[in-house]
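# Fold and geometry: a report
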Amino acid sequence: MNVVTNNKWIGQRTIRPDGMDKVTGRAQFAADTTMPGMIWGKVLRSPHPHARIKSINTKKAEALPGVKAVVTSRDIVDFPIEKGAVMLGIQDMRWMCRNVMARDKALFPGHPVAAVAATTEAIAAEACKLIEVDYEVLPFTIEIEDAIKPDAPILHEWNKFEGKPSNIMGRLEHKKGDLESGFNQADVIIERSFTTRPVHQGYIEPHACLISVAADGKTTIWSSSQGQFMVRAMTSMLTGIPQSDIRAIPAEIGGGFGGKTIVYLEPVATMLAKKSGRPVKMVMTREEVMRATGPTSGSMSTVKIGATKDGKIVAAHGTFYLQAGAFAGSPIRGAAGCSFTPYDIPNLLSEGYDVCSNRSKVAAYRAPGAPIGAYAVECVLDEVAEALKIDPLEFRLINGAKEGTKAAHGPVFPRIGYLELTRAARDSEHYKTPLGDGNGKLRGRGVASGFWFNAGGESSAQVNITEDGNVVVTTGHPDIGGSRAGIANICAELLGIDYKRVSVIIGDTQTVGFSNLTGGSRVLFASSMVVTQST
């Protein structure tokens, strides 16, 4: 492998293109956008974790002076359950249309049931209070262990698992070898159970958008998201407006971490704007963000690992139950697929269960599902190593995946560098240095391994030379991790110019070709390839 070490710009700590605007407060986020004639949208949310919506009466809200439009689920395109999955990326639009606006049932506290647009935020909020919703309050379930009990309240009566109504929405397994035979070979077997809590992504910027729908139906969306093309596509599908009539313009994004890879406000604001004939701005409160947008899953996991006296893992079994929230879609693929993958284990079963409960629908959060599985597996690995009196890094070296290892989820690895990395950690001065007494404080040193698939997906970029010889690069990926800085350095390196002569902008859906979401640890790698080809 050829390693280039004499780059002028790549790998250097250059000034970020967005740095000055952000530290001086000039950067424009979605909540900073305004338009002449703009009005405000607010959402009425269910106070109940589980309730059947018998009727909604909006007449009093509509009569309040200053109110310009009211929307309910009748205004959002329905994707019937019985017609099967309608996928956009990894999201099923049957769930999305019910998540942005409740239909027959409210399924979590904070579930939207209606929305109002009015001339001021205060009037919109007051109008929401005037909407009369007749609820039939139903029993609810929050935790996984309760949701999977035989007598648990069922969120979706049509769903069955193993022939019975269930909150388990699906099961995934990865299998390799003969599990029973493997455990029969083991000298040491350790089994442990773990739970984790749902954790919100905690981005500083709440969800916000400003949307204008012209008389001819041409729609413009300003919003902060991890993908303006995703916003365009989901809004189109949920409102019935053709994608060709929607222009989604990305604002700066104040954090996402996976949580802004789906829409919440944009379809609702679009319909409010369409019905009112006025641009509509919506900004969530922090309470709304925490109640009604996706955390990562909580989990309930059991991991069993068996090894021989010489330290070879001969069998492993993992069972991972993940909370999906109100609708199917927890990241069981990450938990079941990633947890054991750093290791070459001949006999393996890794199972994931997707469990609904009366919480807000989960969203991605930094390698979704993988840390949940890794936490459980790595803890048990340490116990097995301790029982065998083998150094934990040596134990991982004995069992580490390498070139030619077949992962349980399918691929045969090329050279991946795991063993080299682990040896480097073992041989480092840091690892060899005694912990000492810590002046009376307890000290410890932990090791763990993890795996993530990364993601593919489409990327687009264009490179233009200006009349004065400078460069403008346009990419289609919102920058949530410094990708603009990396792209500027790469382009400057290729052209042999100073990086300060390269400007990098994030194009909207009408100025750059289709680009998939910013996520999956893919964007700088993918953008660099298309920028290199464009250059």
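As a reminder, the structure under discussion sits directly above these lines.
Keep in mind the model is a prediction, meaning the values are calculated, not measured.

## Examining the overall build of the protein
A tally of regular secondary structure across the protein gives 16 helices and 22 strands. Its C-alpha atoms give the protein a radius of gyration of 26 Å, near enough to 24 Å, the size a compact globule of 535 residues would have. With respect to the principal axes defined by its C-alpha atoms, the protein has extents near 80 × 70 × 50 Å. Counted over contacts in the protein with a minimum sequence separation of 6, partners at least 24 positions apart contribute 79%. By element, 53% of the accessible surface of the protein is carried by carbon and sulfur atoms, the whole surface being about 24,400 Å². For the protein, the distance from the average position of its 59 positive side-chain charges to the average position of its 54 negative side-chain charges is 2 Å.

## Examining the environment of Ile211
The residue Ile211 is located in strand S13 (residues 208-213) in this model. Separated by 250 residues in the primary sequence, Ile211 and Ala461 have C-alpha atoms spaced 26 Å apart. Beyond its immediate sequence surroundings of up to four residues, Ile211 is in contact with Thr219, Thr220, Ile221, Glu266, Ala269, Thr270, Ala273, Arg278, Pro279 and Val280.

## Comments concerning helix H15 (residues 483-495)
Taking 1.5 Å as the rise per residue, H15 with 13 residues should run 18 Å; its terminal C-alpha atoms sit 18 Å apart, in good agreement. Among the 13 residues of H15, 10 are classified as buried, and the element is accordingly described as predominantly covered. What H15 keeps buried is the set Ser483, Arg484, Ala485, Gly486, Ile487, Ala488, Asn489, Ile490, Cys491 and Ala492. Taken together, the buried residues of H15 touch helix H1 (19-24), strand S20 (461-465), strand S21 (471-475), strand S22 (502-506) and helix H16 (523-534). Once H15 finishes, Gly496 follows within two positions and takes phi at roughly 70°, a positive value.

## Some thoughts on the sheet that holds strand S8 (residues 132-137)
Spatially, S6-S2-S8 is the arrangement adopted by the 3 strands of the open sheet, whose pairing is antiparallel. The open sheet has two edge strands with one neighbour each: strand S6 (105-106) and S8. Pairing of strand S2 (residues 51-57) with S6, which is carried by 2 bridges, proceeds in the antiparallel orientation. For Ala51, the partnering residue across the bridge sits in S6 and is Ala106.

## A few points about the sheet that holds S21
As summarised here, the arrangement of the 3 strands in space is S20-S21-S22, forming an open sheet in which the pairing is mixed. Only two strands of the sheet have a single neighbouring strand rather than two, namely S20 and S22. Going from strand to strand, the sheet's axes swing by 20° on average, the running direction of each strand aside. As paired strands, S21 and S22 are joined by 5 bridges and run parallel to one another. From the neighbouring strand, Thr474 faces S22, where its bridge partner is Ile505.

## A short note on unusual backbone geometry
At Glu162, a residue that is not glycine, the phi angle is positive and equals roughly 55°. Backbone geometry at Asn454 places phi at a positive 65°, although glycine is not the residue there. With respect to the element layout, Asn454 can be found in the loop between helix H14 (429-432) and S20. Since its relative accessible area comes to 39%, Asn454 is described here as partly exposed.

About the thresholds
All residue numbers refer to position in the chain's written sequence, counted from 1. For a predicted model such as this one, the threshold for reporting local features is a pLDDT of at least 70, and the threshold for listing and counting side-chain atom pairs is 80 or more; totals across whole chains, interfaces and linings nevertheless cover every residue. For the side-chain quantities, the full set of heavy atoms in the structure was used; hydrogens and water were omitted. Runs of H or I in DSSP of at least four residues are treated as helices and runs of E of at least two as strands, each being numbered from the N terminus. The globule rule is 2.2 Å times the number of residues to the power 0.38, and the radius of gyration it is compared with is taken over C-alpha atoms. Contacts were defined at the residue level, with two residues in contact if any of their heavy atoms lie within 4.5 Å. Residue-level accessible areas treat just the shown protein chains as cover; the underlying method is Shrake-Rupley with a 1.4 Å probe. Only four residue types enter the tally: Lys and Arg on the positive side, Asp and Glu on the negative side; His and the chain ends are excluded. Throughout, a charge is located at the NZ atom of Lys, the CZ atom of Arg, the CG atom of Asp or the CD atom of Glu. In a helix, the anticipated span is given by 1.5 Å times the number of residues less one. Accessibility here uses a 1.4 Å probe with only protein chains present; expressed as a share of the type maximum, an area under 20% marks a residue as buried, one over 50% as exposed, and anything in between as partly exposed. When DSSP finds at least two bridges between two strands, those strands are taken to pair. A fitted line through C-alpha atoms represents every axis, and for helices the fit uses only the stretch in contact; the resulting angles, taken between N-to-C directions, go from 0 to 180 degrees.

By themselves, these observations are geometric and do not establish any function.
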